[in-house]
Amino acid sequence: LFDNFTEVSLAFMFMDDGSKTTTGYTIATNCFSLEEIDKFRIFLKQKFNLETSVFKSKVLYIQAKSRDTFTKIIEPYVIPCMQYKLHNMQSL
């Protein structure tokens with residue numbers, strides 16, 4: 001599955017199940033096991049250099065230090081009506 005996961009895939013996942021928080025972003029990964037989420041976190045770090053953590057509710061958190069990187073990766077693919085979910089990029 002990870003072989004075919006691209007920036008577009010990440011953008012679609014975020015548009016469907018993601019939201020912004022005060023400092024970063026979340027993606028609802030509640031339906032996955034912690035083992036699956038950990039594999040996804042490793043993949044996100046290796047492919048996109050994103051720092052993540054997981055809430056007790058099994059929600060993936062894109063940390064504040066990766067917020068602008070995440071925004072830069074997905075912004076070109078986020079449709080106009082979903083742009084409200086994005087933070088303004090602070091420092092690129």
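That block above? That's the structure.
Residues numbered from 1 in each chain as written. Predicted model: local features only at pLDDT ≥ 70, side-chain atom pairs only at ≥ 80, totals over all residues. Heavy atoms only, no water.

Chemist: Explain the overall build of the chain to me, and be specific about the residues and the numbers.
Modeler: From N to C terminus, the chain includes three helices and four strands. In the chain, the order of α-helices and β-strands from amino to carboxyl end is α-β-β-α-β-β-α. The C-alpha atoms of the chain give 12 Å as radius of gyration, which agrees with the globular expectation for 92 residues (12 Å, within 12%). Taking the principal axes of the C-alpha coordinates as reference, the chain spans close to 30 × 30 × 25 Å. The burial tally for the chain puts 38% of its 92 residues in the buried class. (Helix = DSSP H or I, 4+ residues; strand = E, 2+ residues; numbered from the N terminus. Rg over C-alpha atoms; globule rule 2.2 N^0.38 Å. Buried < 20%, exposed > 50% of the residue type's maximum accessible area, 1.4 Å probe, protein only.)

Chemist: Account for the packing of helix α1 (residues 7-17) against helix α3 (residues 67-74), naming residues and giving values.
Modeler: Look at α1 against α3: their axes get within 8 Å of each other, and the N-to-C directions meet at 105 degrees. It follows that α1 is roughly perpendicular to α3 by the angle criterion. Of the residues in α3, those in contact with E7, L10, A11 and F14 of α1 are F70, I73 and I74. Residues of the contact of α1 with α3, tallied by class, amount to six nonpolar, no polar and one charged. (Axes fitted to C-alpha atoms, helices over the stretch in contact; angles between N-to-C directions. Parallel < 35°, antiparallel > 145°, perpendicular 65-115°, else oblique. Contact = heavy atoms within 4.5 Å. Nonpolar A, V, L, I, M, F, W, Y, C, P; charged D, E, K, R; others polar.)

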